[in-house]
Amino acid sequence: MQIIQKTWALAALLSVLVSARPHQQQTPIVRREWRTLSKHEKSSYLCAVKCIMRKPALTPPFDNSGVISRYDDLVYTHIQQTFSIHYTGHFLAWHRYYLAVYERMLRDECGYKGAQPYWDWTLDTPADKWASSPVFDPVTGFGGNGEFVESDPANPFPPVPGRTGGGCVKDGPFAGVSDVVHLGPQDSVTYNPQCLKRDFSPYFAGRYLAMNQTQLTLAAPDFGSFDRVVEGGPSFDASGIHGGGHYGVGGTYGQIGDLYTSPADPIFYLHHANLDRVWWSWQKLNLEARLTDISGPILLMDYDNLKGGNVTLDFPLSVGVSAVNVTIGDVMNIAGCGQNGALCYEYDKVYTLQG
Ligand SMILES: *[C@@H]1O[C@H](CO)[C@@H](O)[C@H](O)[C@H]1NC(C)=O
Ligand SMILES: *[C@@H]1O[C@H](CO)[C@@H](O)[C@H](O)[C@H]1NC(C)=O
Ligand SMILES: *[C@@H]1O[C@H](CO)[C@@H](O)[C@H](O)[C@H]1NC(C)=O
Ligand SMILES: [Cu+2]
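Just so we're clear, the structure is a prediction, and the values are computed from it rather than from any experiment. (Residues numbered from 1 in each chain as written. Chains lettered and ligands numbered in written order. Predicted model: local features only at pLDDT ≥ 70, side-chain atom pairs only at ≥ 80, totals over all residues.)

Help me understand the overall build of the chain, please; the structure alone is not making it clear to me.
Counting its regular elements, the chain contains 11 helices and six strands. Since a compact globule built from 355 residues should have a radius of gyration of about 20 Å, the 21 Å found for the chain is in line with a globular shape. With respect to the principal axes defined by its C-alpha atoms, the chain has extents near 85 × 45 × 40 Å. Relative to its full complement of 355 residues, the chain shows a buried share of 46%. If you take every contact in the chain between residues at least 6 apart in sequence, the share linking residues at least 24 apart comes to 67%. (Helix = DSSP H or I, 4+ residues; strand = E, 2+ residues; numbered from the N terminus. Rg over C-alpha atoms; globule rule 2.2 N^0.38 Å. Buried ≥ 20, exposed ≤ 12 C-beta atoms within 10 Å, placed from the backbone. Contact = placed C-beta atoms within 7 Å.)

Written out as structure tokens, the structure is:
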């Protein structure tokens, strides 16, 4: 009798411990390329995106807040941290965590059963193939370009070379809605209902998203130089694969081309999943060493460390109200699964170095 009671007590204790850690998966979920998903898988993903756009925000309300939905919670935290998460050593680590949190929100809060898909844009180059990418499909994808609008001559910044759109998206699941986007432009966080805009630059995509640029990126010898090839410089002529996706889709007038509000376009998450896959591909070329290789400035563009030092594995990452804080060290291994980090996913395929 006593043994039975003790066993029962132990079982109860174990179940409490297990339920207190609801995200402790044992085996990684597998991220796949958008075009390899079945019609049903694509529509489940798009359905989950629309669902998270309808769930009420957790960010504490402030005057005239534009943070309406759970989707906005993430856009908001990206806007707030814009200048501390780009052109820094933790750029890739922060976005890796941000994506994993989005993926978990889709699964836990909207019943999505799959993993976050990625977009292998090398398959949609050269430039003349860009606009017909399956990612932009009006029925099974995210819809395409916006109507062409002339560049504003009063804008002191040069237009994105090769831009072809700029207006509201004309087809797909986000077309015909005047308040898909609530935040922005730029760092504005008060309620500003907008349509989703895109401004494709097939030229820009062809120049920075083809296999040649991806190979150049993978060939970097250490993390510090790898990150700089990914991020490129702030000018259009010094871009890398990061800017290639943002400006190839968003041009001058699309939200995804706006450094602050870019996650307002759901394609952001597929583009960044592929950037993360490039990083993981690079790590896998020498995994043991590259599970701990991290450097790059703590402060914006401080590549010479004149104002601050490099980030290290214990550097903290925060994505606001949607998840606990972690460190860079917690996200170095995408398939740590609670034993060795905060993440538990894999990619079905990685890039390899050619020739
Ligand atoms: C890659 O090819 C594109 C298209 O031909 C070209 O514009 C670009 O400069 C090339 N990039 C590199 C790094 O060679
Ligand atoms: C920061 O890291 C770079 C490599 O990315 C290295 O060359 C540099 O010496 C480091 N700076 C400091 C202050 O440790
Ligand atoms: C997470 O990090 C952010 C930014 O560093 C900080 O403001 C916040 O207080 C931290 N949250 C917790 C729960 O430690
Ligand atoms: Cu970003």
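What is the right way to look at the nonpolar core in this model?
As a rule of thumb, soluble globular proteins bury nonpolar side chains together. Y97, Y98, V101, Y102, L270, V278 and V331 are the most contacted members of the largest nonpolar core, which totals 85 residues. Among the elements that line this core, the one with the most residues is helix α5 (residues 91-110), at 12 residues. (Core = buried A, V, L, I, M, F, W, Y, C linked by C-beta atoms within 7 Å.)

Would you mind going over helix α9 (residues 241-250) with me for this structure?
Across the 10 residues that make up α9, a large majority, 10, are buried. Taken residue by residue, α9 has I241, H242, G243, G244, G245, H246, Y247, G248, V249 and G250 as its buried positions. In this structure, the buried side of α9 is in contact with α6 (202-208), α7 (211-218), α8 (223-231) and α10 (267-284). Just downstream of α9 lies G251, where phi reads positive at about 50°.

Just to check I follow, could you spell out α8 for this structure?
Residues three or four positions apart in an α-helix share a direction because the helix packs 3.6 residues into each turn. F223, F226, D227, V230 and E231 are the residues of α8 that are buried. Relative to the axis of α8, the buried residues are bounded by an arc of 120° and lie together on one face. Those residues of α8 that are buried are in contact with α5, α7, α9 and α10. The positive-phi residue at the C-terminal boundary of α8 is G232, with phi of around 65°. (Arc of directions from axis to C-beta.)

Teacher, can you tell me more about unusual backbone geometry here?
Peptide bonds are, in most cases, trans, and in most cases residues other than glycine have a negative phi. P126 follows T125 through a cis peptide bond whose omega is 5°. On the secondary structure map, P126 appears in the loop between α5 and β2 (146-148). A cis amide bond links G184 to the next residue, P185, at an omega of 0°. If you check the backbone angles, Q186 has positive phi at about 50° while not being a glycine. Mapped onto the secondary structure, Q186 falls in the loop between β3 (166-169) and α6.

Explanation requested: the site of ligand 1 in the structure shown.
Lining the immediate surroundings of ligand 1 are G206, R207, A210, N212, Q213 and L216. Looking at the shell around ligand 1, the elements that each hand over two or more residues are α6 and α7. At three residues, the largest contribution of residues to the shell around ligand 1 is made by α7. Classifying every residue of the shell around ligand 1 by side-chain character gives two nonpolar, three polar and one charged. (Near = placed C-beta within 6 Å. Nonpolar A, V, L, I, M, F, W, Y, C, P; charged D, E, K, R; others polar.)

How should the environment of W279 be read in this particular structure?
Locating W279 in the fold gives a position in helix α10. You can call W279 buried: it has 23 C-beta atoms within 10 Å. Separated by 53 residues in the primary sequence, W279 and M332 have C-alpha atoms spaced 10.0 Å apart.

Help me out: how do you make sense of the UniProt feature "domain: Tyrosinase copper-binding" (unreviewed entry) in the chain in this one?
Per the UniProt record, "domain: Tyrosinase copper-binding" (unreviewed entry) is annotated on residues 86-103 and 265-276. The distance from the first to the last C-alpha atom of residues 265-276 is 18 Å, and the span holds 83% helix and 0% strand. (UniProt positions renumbered as here; feature names shortened; annotations may be inferred.)

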